[in-house]
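Breakdown of the fold
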Amino acid sequence: MGQTLGRAPLPNGGRKFLNLPRSCVYDLWEAFNDIAEGFGLTVEEFQEILKSALLEFLSITERQLNTEADAVFRLLDDDTNNLVDSLEFLSTFALISAMTPEEKIRFIFAMYDFDESGVLTLDEMVLSFRSTLSGLAKLSKIDPPTESEVETIAVLGFETVRSKQRQTPVGSLPEAFGIDREAFVTFCLNTPEVMSWVEYFDDMEEFTLQQPHPQLAVSSMVRPSMHRSVGDEAVMSASFGGHLLRDLQRRGRPGGQKPWHNVLPFLATKKLDAEQPRPLPYKDVELEWVYGYNGHSCSQSLHYSAAGHIIYPAGALCVIQNVSKHEQKYFNAHSDLVTCLKVFHTEEGATIVASGEVGVRPSVLVWDCDSRTVLSVLQGFHRNGIAQLDFSPDRTRLATLGLDPYHSIAVYLWRSRQRLWSARTTCDKVHDLRFLSDNVIGTCGELHVTFWRKSKEAQESFRRYRGQYGPGMKPETNTCIGSVGDTVFSCSDTGFLHRWEGRNLIKSTRGHTSGIRCCYVVNQGAEQGLVTGCNSGKVIVWTAKLEVGATFNGLSLGAIETAINSLCYDALTSKILVSFTSCEVFEINSSDGRNVQNGGSIVAAHFKPRVCGLDVHPTTSHIFCTVGDDKT
């Protein structure tokens with residue numbers, strides 16, 4: 001039984017039954033037990049089993065289902081005796097379903113454990129392999145492995161398990177010996193010949209989708225203001241481009257002439273009294289206050305610290321602001337614009353922050369919020385910038401998403417700075433990345449949701465599984481992904497909250513009238529839930545069961561633009577931080593939506609990438625004026 005590569009050919013008559021969810025596969029098993037009178041199924045029994053288990057899920061008429069069933073029946077009935085082997089049928093549908101490889105193998109074991117003893121004999125194991133491969137080969141019209149090849153693999157599995165258990169010397173196989181469920185699963189997952197066939201029939205439809213090839217050197221998500229050249233890197237980071245910086249300074253940096261430059265020479269300036277004292281600036285200046293927030297270049301980057309302070313990016317700085325005392329502290333180890341930021345709180349009350357930047361060779365810095373000291377620097381893999389990052393639930397690993405054309409993903413042991421795994425995701429836009437559990441990562445974006453499950457065959461490796469929308473639903477752009485308890489969700493740009501089981505979409509709830517732009521998962525002690533914000537300024541608090549709860553109108557806060565781009569919920573103080581794409585940050589009460597900062601914003605500044613002009617009041621130094629590309 002040799003290994004296979006790629007994906008099997010798509011069956012002409014079985015496309016409707018590809019990528020069924022786990023629940024539908026087990027419904028087929030139950031329907032077979034209720035309807036069939038033997039292991040040989042007639043076309044009427046075959047149709048009745050499919051109708052009983054799949055009619056509601058497929059959302060088609062009974063006539064359409066019978067037509068699809070007839071096509072599959074003809075493929076499986078290759079000897080034209082008007083009977084289909086039920087074991088072949090169920091095994092085939094399990095292997096082409098959306099279940100994970102481990103779930104498929106466990107289902108096959110349960111099917112062929114005829115006496116329900118929890119153990120397969122050698123004959124049962126050979127039959128499970130032979131029937132499954134025979135049904136798959138018929139469906140895809142390919143040649144199956146020979147019986148001798150199948151028996152060789154089955155005997156190898158028994159020999160492997162027996163040698164581990166040391167029941168008998170290798171060479172003779174006792175008739176009463178059997179292989180239990182866990183040993184069967186472990187053997188299949190770690191045998192390349194078996195896994196190659198499992199993967200050969202996994203998500204066959206995926207490879208027929210159009211895969212665009214990037215024409216640009218950077219992701220389409222990189223705005224013109226965020227694009228960096230080697231010369232930019234030399235200016236921003238002397239450690240990388242010292243010699244380039246000297247050349248740039250020697251030649252002079254070219255710059256475009258703006259229309260308002262021609263107006264400056266004609267502006268009259270006010271002359272100060274010559275006797276008015278004008279003290280020289282201090283030699284060692286210190287940063288006193290930062291105005292602004294990177295709401296135009298990043299989302300979901302607003303957080304509370306364990307002490308209740310607000311953490312957010314502003315330019316190349318990360319600001320820690322104590323709102324009650326009107327104080328700011330700064331983390332200034334980045335060399336370029338900060339594009340993403342995530343935090344977690346330790347049991348000791350500390351706040352650990354991870355932040356990523358834009359750049360030719362961007363860095364991810366992990367640092368302590370209280371001391372503002374760098375704990376780890378992750379650099380070398382990503383290019384152009386870091387789009388998103390997230391800590392694993394056990395806080396030992398950090399996942400990062402890059403701004404290269406393929407939106408590459410990487411997983412690090414951040415304390416030891418070790419990159420465990422990396423892969424390309426897709427050329428389409430990827431808007432979010434989250435750890436859904438310690439063993440599953442979710443990414444979502446333009447017309448896709450993808451689940452990355454930790455592989456049991458290879459240590460610290462993740463396997464890609466495409467999210468399945470199911471019949472009657474077209475894929476749509478998802479902006480956020482996450483999990484509340486054991487429930488996995490994604491948020492769409494049409495205002496729906498989707499719930500997922502495995503990699504199948506099982507339910508959609510309409511919460512917003514416009515696209516959901518950001519979300520925050522509440523997981524603070526006994527309080528669990530979700531907060532979402534949309535393009536029209538609406539904030540919804542969802543319960544732990546993902547039911548719509550309190551709803552607030554963010555437009556009443558008075559922001560210039562309506563789209564919300566970051567949220568953060570503090571269960572201890574019942575406050576929600578809300579930021580808009582106009583780079584304004586507000587704090588509201590989670591019970592009534594009231595602005596708790598006396599009607600004003602915590603942060604407000606220009607919301608286009610560039611500030612064009614700055615001038616200080618001629619007599620009052622703490623008053624100054626700025627103008628920017630946002631026409632304010």
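Just so it is clear, the structure is predicted and the values come from calculations on it, not from any experiment.

1. Quick look at the overall build of the protein
Within the protein, the regular secondary structure consists of 11 helices and 33 strands. Residues classed as buried in the protein amount to 50% of the 632 residues present. Sequence-distant contacts, at least 24 apart, represent 51% of the contacts inside the protein between residues at least 6 apart. Approximately 30600 Å² of the protein is accessible, and the part contributed by carbon and sulfur atoms is 50%.

2. Things to note about the environment of valine 627
Mapped onto the secondary structure, valine 627 falls in strand E33 (residues 624–628). A residue is classified by how much of its surface remains accessible, and valine 627, at 42% relative accessible area, is partly exposed. Expressed as a C-alpha distance, the spacing of valine 627 and arginine 610, which sit 17 residues apart in the sequence, is 9.0 Å. The residues touching valine 627, leaving out its near neighbours within four places in the chain, are His606, Val611, Cys612, Gly613 and Thr632.

3. Things to note about the packing of helix H1 (residues 22–35) against helix H4 (residues 86–95)
Close contact between H1 and H4 brings their axes to 10 Å; oriented N to C, the two are set at 165°. Comparing their axes, H4 and H1 come out roughly antiparallel. The crossing of H1 and H4 is right-handed. Along the contact surface, H1 presents Val25, Leu28, Trp29 and Phe32, while H4 presents Ser86, Phe89, Leu90, Phe93 and Ala94. In terms of residue class, the contact of H1 with H4 is made up of eight nonpolar, one polar and no charged.

4. Comments concerning the pairing of strand E11 (residues 363–368)
Taken across its six residues, E11 has six buried, putting it largely inside the fold. Residues of E11 alternate between two faces, with Ser363, Leu365 and Trp367 on one and Val364, Val366 and Asp368 on the opposite face, all of them buried. Alignment of strand E10 (residues 351–359) against E11, held across five bridges, turns out to be antiparallel. Note on E11: the bridge partner recorded for glycine 356 is valine 364.

5. Notes on unusual backbone geometry
Unlike most non-glycine residues, arginine 372 shows phi in positive territory, near 55°. Here the phi dihedral of cysteine 583 falls at roughly 60°; this positive angle occurs in a residue that is not glycine. Position of cysteine 583 among the secondary structure elements: in the loop between strand E30 (575–580) and strand E31 (585–589).

6. What to know about the sheet that holds strand E19 (residues 448–454)
An order of E17-E18-E19-E20 is seen for the four strands of this open sheet, with the pairing classed as antiparallel. The open sheet has two edge strands with one neighbour each: strand E17 (430–437) and strand E20 (462–466). Direction aside, the axes of adjacent strands within the sheet are offset by 20° on average. Inspection of the sheet shows E17 paired to strand E18 (residues 440–445) by six bridges, in the antiparallel sense. Within E18, the position partnered with leucine 433 by the bridge is threonine 443.

7. Concerning the packing of aromatic side chains
In total, this model carries 26 aromatic pairs according to the counting rule given. Taken together, a centroid distance of 5.1 Å and an interplanar angle of 85° make the contact between tyrosine 26 and phenylalanine 107 edge-to-face. Here the residue tyrosine 26 occupies a position in helix H1, and phenylalanine 107 occupies one in helix H5 (residues 101–112), the gap between them amounting to 81 residues. Judged by relative accessible area, phenylalanine 107 falls into the buried class, the value being 2%. In this structure an aromatic cluster arises from ring pairing among Tyr26, Trp29, Phe32, Phe39, Phe107, Tyr112 and Phe114.

8. Some details on the nonpolar core
Ranked by internal contacts, the top residues of the largest apolar core, which has 66 residues, are Leu28, Leu50, Leu54, Phe89, Phe129 and Phe184. Every residue in contact with leucine 28, bar those within four places of it in the chain, is listed here: Leu20, Ile49, Leu50, Ala53, Leu54, Phe89, Leu90 and Phe93. Counting residues in each nonpolar core, the second largest holds 33 residues, with Tyr330, Val522, Ala559 and Val578 among its members.

9. Remarks on the confidence of the model for the protein
Per-residue pLDDT for the protein has a mean of 83; in total, 83% of the residues score no lower than 70. This stretch, residues 170–175, has a pLDDT under 50; its non-local contacts, to residues over four places away or in other chains, come to 11 contacts.

10. Details of H5
Every α-helical turn comprises 3.6 residues, leaving residues that sit three or four positions apart pointing alike. Taking 1.5 Å per residue, 12 residues should reach 16 Å; H5 reaches 17 Å between its end C-alpha atoms and fits that length. Burial runs high along H5: nine of the 12 residues are buried. Of the positions making up H5, those classed as buried are Pro101, Glu102, Lys104, Ile105, Phe107, Ile108, Phe109, Met111 and Tyr112.

11. Brief notes about the sheet that holds strand E6 (residues 310–314)
If you trace the four strands from one edge of the open sheet to the other, you get E5-E6-E7-E8, paired in antiparallel fashion. The open sheet has two edge strands, strand E5 (303–304) and strand E8 (327–331), and neither has a second partner. Inspection of the sheet shows E6 paired to strand E7 (residues 317–322) by five bridges, in the antiparallel sense. Bridge pairing in E7 links isoleucine 311 to isoleucine 320.

12. Brief notes about empty space enclosed by the protein
Across all of its chains, the model carries three cavities of 30 Å³ or more by this definition. Reported here for the largest cavity is a volume of approximately 200 Å³. Around the largest cavity, the lining is made up of 15 residues, and of these Leu95, Phe129, Thr132, Val194 and Val198 lie nearest the centre. Every element with two or more residues in the lining of the largest cavity is listed here: H5, helix H6 (122–140), helix H8 (181–189) and helix H9 (192–200). If one sorts the elements of the lining of the largest cavity by residue count, H6 sits on top with five residues.

13. Observations regarding the pattern of salt bridges
Considering all chains together, one arrives at 13 salt bridges under this definition. In this structure, glutamate 62 and lysine 51 form a salt bridge, with 3.2 Å as the shortest nitrogen-oxygen distance. Here glutamate 62, found in helix H3 (residues 62–76), pairs with lysine 51, found in helix H2 (residues 43–58); they are 11 residues apart in sequence, far enough to count as distant. For lysine 51, a relative accessible area of 24% corresponds to the partly exposed category. One salt bridge connects lysine 138 with aspartate 78, and the closest N-O pair in it is separated by 3.3 Å. With lysine 138 in helix H6 and aspartate 78 in the loop between H3 and strand E2 (84–85), this pair connects stretches of sequence that are 60 residues apart. What makes lysine 138 buried here is its relative accessible area of 17%. Linked by salt bridges that have partners in common, Glu48, Lys51 and Glu62 make up one network.

About the cut-offs
Residues numbered from 1 in each chain as written. Predicted model: local features only at pLDDT ≥ 70, side-chain atom pairs only at ≥ 80, totals over all residues. Heavy atoms only, no water. Helix = DSSP H or I, 4+ residues; strand = E, 2+ residues; numbered from the N terminus. Buried < 20%, exposed > 50% of the residue type's maximum accessible area, 1.4 Å probe, protein only. Contact = heavy atoms within 4.5 Å. Areas by Shrake-Rupley, 256 points an atom, 1.4 Å probe, with all protein chains shown as cover. Axes fitted to C-alpha atoms, helices over the stretch in contact; angles between N-to-C directions. Parallel < 35°, antiparallel > 145°, perpendicular 65-115°, else oblique. Left-handed = near helix turned anticlockwise from the far one by under 90°. Nonpolar A, V, L, I, M, F, W, Y, C, P; charged D, E, K, R; others polar. Pairing = 2+ DSSP bridges. Phe/Tyr/Trp six-rings, centres within 6.5 Å; stacked < 30°, edge-to-face > 60°. Core = buried A, V, L, I, M, F, W, Y, C linked by side-chain atoms within 4.5 Å. pLDDT = per-residue confidence, 0-100. Expected span 1.5 Å × (residues − 1). 1 Å grid on protein atoms, 1.4 Å probe; cavity = no way out; pocket = protein on both sides within 12 Å on 5 of 7 lines; lining within 4 Å. Points joined across faces, edges and corners; volume = space filled by probe spheres on them. Salt bridge = Lys/Arg side-chain N within 4 Å of Asp/Glu carboxyl O.

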